[in-house]
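What follows is each chain in one-letter form.
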Amino acid sequence: MLLLVLATLVIAYVGLCALVFLNQRQLVFPVPPGAREPALPGATLLRIPGPEGSTVYALHVPAPDGAPTVVHFHGNGEQLADGSTWLAQRFQEVGLGFYAVEYPGYGLAAAGQGPSEKGIYAAAESALAHLRGQLGVPRERTVLQGQSLGSGVAVEMAKRGLGTRLVLITPYTSIVEVGARIFPWLPARLLVRDPFDNAAKAPGLKLPVLIVHGTRDEVIPVDMGQRLGTLFPNATTRILEGKRHNDLLDRPAVLQEMMEFARDATRRAAISPPESRE
């Protein structure tokens, strides 16, 4: 009887693991319904040839002469027409360029293959190649910025040498560790298909990094942002008391610091040669 009970529990556990494995991308990438085209005066929605015949969508606000362009990668529950448009307007108002990239499987890019870590990286690199080659924005004036899920995209693009500064808003150490926090009874390391391992990449990235996190973040624990601050060799960490996952940028001082951090890319490039590619 005991063996039967144990066998039943094992079968149920294996079945639960299989269920999580097969459906995890709906948890990691909760794509919002519908496809809305972002609209902002002075901005252009670009359609860029992407990998394997795909189209990569990017919202572009040109930078004034000599000013940096902030390349933004959004969170997992939004599309370009959501928070990226609002952010683009704020950066535009202070004389910075802005370039927000859509993920495969999201919004206007919903047709075709669904989102994955590999696919998002490929789309992001295509968009950055277009920014550099067709739009003429060099690496020295490119600031990579990622929010929540997008922090993993920004870190990977920094690892590939595609930016000179890095801003991380509510970042995670890795999706494996996030999964282990949510489902501590599951072998997250064996099940996660899209690890987005920021912690493993951080020690090798010497570019300046700004990390912003709230103490009451209910999605990504604040200690993950704090830990990343100790792993990047050149990081500044701002921990905001009482702030949650989605209200962090409501505080004007936070946006102001992000904008000043981005401007420093141009100031420092003017007095020193660019770093070699990682």
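Above this text is the structure in question.
Here the structure is a predicted model, which means the values were calculated and not measured. (Residues numbered from 1 in each chain as written. Predicted model: local features only at pLDDT ≥ 70, side-chain atom pairs only at ≥ 80, totals over all residues. Heavy atoms only, no water.)

Side note on the environment of Arg-238
Put simply, the rule reads: Only DSSP runs of H or I reaching four residues or more are called helices, and only runs of E reaching two or more are called strands; each is numbered from the N terminus. A 1.4 Å probe rolled over the protein chains alone gives each residue an accessible area, and that area as a share of the maximum for its type sets the label: buried under 20%, exposed over 50%, partly exposed in between. By the convention used here, residues are in contact when the closest approach between their heavy atoms is within 4.5 Å.
With respect to the secondary-structure elements, Arg-238 resides in strand E8 (residues 235-240). The exposure class assigned to Arg-238 is partly exposed, which follows from its relative accessible area of 35%. Distance from Arg-238 to Gly-225, taken between C-alpha atoms, is 9.1 Å for residues 13 residues apart in sequence. In this structure, Arg-238 is in contact with Leu-210, Ile-211, Val-212, His-213 and Glu-257, ignoring residues within four places of it in sequence.

With respect to the pairing of E8
Note the threshold: What makes two strands pair is DSSP finding at least two bridges between them. The handedness rule is simple: strands pointing away from the viewer, and a clockwise path from the first strand over the helix to the second, make the crossover right-handed.
Of the pairings in the sheet, the one linking strand E7 (residues 209-214) to E8 comprises 6 bridges and is parallel in character. Its bridge partner lying in E8, His-213 is registered against Ile-239. The parallel pair E7 and E8, bridged by helix H8 (residues 222-231), forms a crossover whose chirality is right-handed.

Side note on the packing of aromatic side chains
To keep things clear, this is the line we draw: Here is the rule: rings of Phe, Tyr and Trp (six-membered ring for Trp) pair when centre to centre is within 6.5 Å. Planes less than 30 degrees apart are stacked, more than 60 are edge-to-face, and the remainder are tilted. Cation placement over rings: the criterion is NZ of Lys or CZ of Arg within 6 Å of the ring centroid and within 35° of the ring normal.
Per the stated rule, a full pass over the model turns up 5 aromatic pairs. A centroid spacing of 5.7 Å and a plane angle of 80 degrees characterise the contact between Tyr-121 and Phe-196, whose relative ring orientation is edge-to-face. Of this pair, Tyr-121 sits in helix H3 (residues 117-133) while Phe-196 sits in the loop between helix H6 (188-191) and helix H7 (198-201); the two residues are 75 residues apart in sequence, bridging distant segments of the chain. For Tyr-121, a relative accessible area of 7% gives the class buried. Cluster of aromatic residues (ring-pair linked, three or more members): Phe-29, Tyr-121 and Phe-196. The cationic tip of Arg-165 hangs over the ring face of Phe-261; the distance from NZ or CZ to the ring centre is 4.5 Å.

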